[in-house]
Amino acid sequence: YMNDIRPLSNRLLANLFRRLRTAGSEAQPSHYASVERLHIGFSEVGREGMQELQELLVSDDCKIKSMDLSFAAVEGWPLMQALKGNKSLTSLDVRSVPGLAKVYDTIATQLLDPNSVSRLACLRCDAFDLRESTKLLSVQEEPLEVSSIRLIAGLLKNNTQLLELDLTASDVEDKGATTLASVLPANTTLTR
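These lines cover the structure that appears in this document, whether it is placed above or below. (Residues numbered from 1 in each chain as written. Predicted model: local features only at pLDDT ≥ 70, side-chain atom pairs only at ≥ 80, totals over all residues. Heavy atoms only, no water.)

## Observations regarding the overall build of the protein chain
- A count of helical and extended segments in the protein chain gives six helices and seven strands.
- Taken over C-alpha atoms, the radius of gyration comes to 17 Å for the protein chain, in line with the 16 Å a tight globule of 192 residues would show.
- Counting only C-alpha atoms and orienting by the principal axes, one finds that the protein chain spans roughly 50 × 30 × 25 Å.
- With 192 residues in all, the protein chain has 47% of them scored as buried.
- Pairs at least 24 apart in sequence give 79% of the contacts found in the protein chain among residues at least 6 apart.
- Mean positive and mean negative side-chain charge positions of the protein chain (21 and 25 charges, respectively) differ by 6 Å. (Helix = DSSP H or I, 4+ residues; strand = E, 2+ residues; numbered from the N terminus. Rg over C-alpha atoms; globule rule 2.2 N^0.38 Å. Buried < 20%, exposed > 50% of the residue type's maximum accessible area, 1.4 Å probe, protein only. Contact = heavy atoms within 4.5 Å. Lys, Arg positive; Asp, Glu negative; His and termini not counted. Charge placed at Lys NZ, Arg CZ, Asp CG, Glu CD.)

Okay, here's the thing in structure tokens:
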């Protein structure tokens, strides 16, 4: 948990991501090999840090299951590219990350792809808050963009905790409703 250490420099973050990536491949594994949750909110991830984060997330040895980037300065496109090849991440917090809403639809497309390797099931973002232990996601009377509905649908493919989804008066359009309907056969836990 590094959310309280501010500001984390780009160089420090790059070094941390590099150590996490190489921890499992060293002759004697370091304690970094056991890290499954990474909280670096409020950080500024520059070019070097983003490159190391991408390499960590697409690494076969990546064990990060939960990552908090809330309020961080992170580029959306490289993060989205890293998510495409990640097989370990199940929960991601990207609340108040500038410009990330622009890539919601692309992330949704990746998650909805039948060949996707992603296990992402929970997402905290500016459009909705689907946490790891959430049983009910209510976005009642909050108009959602089609990209946000598609993103929820993509998460439902992997989510085994959510029991109820309330989209009452959320302006779900045909494309969003069709996408939601297409993932329901893959989700066996959603009951309402």
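On we go from here.
## Structural notes on the packing of aromatic side chains
- Applying the stated rule across the entire model yields one aromatic pair.
- Taking 4.9 Å as the distance between ring centres and 5° as the angle between the ring planes, the aromatic pair formed by Phe 42 and Phe 71 counts as stacked. Of the two residues, Phe 42 sits in the loop between strand S1 (37-39) and helix H2 (47-58) while Phe 71 sits in the loop between strand S2 (66-68) and helix H3 (76-85), which places them 29 residues apart along the sequence.
- With relative accessibility at 37%, the residue Phe 42 sits in the partly exposed group.
- The class for Phe 71 is partly exposed, based on a relative accessible area of 40%. (Phe/Tyr/Trp six-rings, centres within 6.5 Å; stacked < 30°, edge-to-face > 60°.)

## Topic: helix H4 (residues 104-112)
- If you check which residues of H4 are buried, you get Tyr 104, Ile 107, Ala 108, Gln 110, Leu 111 and Leu 112.
- Its buried side turned inward, H4 meets H3, helix H5 (146-156) and helix H6 (174-183).

## Examining the packing of H5 against H6
- For the pair H5 and H6, interaxial distance at closest approach is 9 Å and the crossing angle is 0°. The orientation of H5 with respect to H6, classified from their angle, is roughly parallel. Contacts from Val 146, Ile 149, Arg 150, Ile 152, Ala 153 and Leu 156 in H5 reach Lys 175, Gly 176, Thr 179, Leu 180 and Val 183 in H6. (Axes fitted to C-alpha atoms, helices over the stretch in contact; angles between N-to-C directions. Parallel < 35°, antiparallel > 145°, perpendicular 65-115°, else oblique.)

## What about the nonpolar core?
- Core analysis: the largest hydrophobic core is formed by 54 residues, its most contacted members being Met 67, Leu 69, Leu 79, Leu 92, Val 94 and Phe 128.
- Of all the elements in the fold, those that place two or more residues in this core are helix H1 (10-22), H2, H3, H4, H5 and H6.
- Looking at which element gives the most residues to this core, the answer is H5, with six residues.
- Excluding anything up to four places from it in sequence, Leu 92 contacts Met 67, Leu 69, Leu 83, Leu 120, Cys 122, Leu 123 and Arg 124. (Core = buried A, V, L, I, M, F, W, Y, C linked by side-chain atoms within 4.5 Å.)

## Re H3
- What H3 keeps buried is the set Gly 76, Pro 78, Leu 79, Met 80, Ala 82 and Leu 83.
- Where H3 is buried, its residues touch H2, strand S3 (91-93) and H4.

## With respect to the side chain of Asp 166
- The topology assignment puts Asp 166 in strand S7 (residues 164-166).
- This buried residue, Asp 166, is left without a salt bridge; Arg 192 holds the nearest opposite charge, at 7.4 Å.
- Only 2.5 Å separates the side chain of Asp 166 from the side chain of Thr 168, close enough to count as a polar contact.
- Asp 166 has contacts with Leu 137, Ser 138, Val 139 and Gln 140, leaving out every residue within four places of it along the chain. (Salt bridge = Lys/Arg side-chain N within 4 Å of Asp/Glu carboxyl O. Polar contact = N/O pair within 3.5 Å; in protein donor to acceptor, adjacent residues only side chain to side chain.)

## Digging into the pattern of salt bridges
- Enumeration according to the criterion identifies 13 salt bridges in this entry.
- Residue Asp 93 pairs with Arg 95 through a salt bridge whose shortest N-O separation is 2.7 Å.
- For Glu 164, the salt bridge identified is with Arg 192, shortest N-O distance 3.7 Å. Taken as a pair, Glu 164 in strand S7 and Arg 192 in the segment after H6 lie far apart in primary sequence, 28 residues in all.

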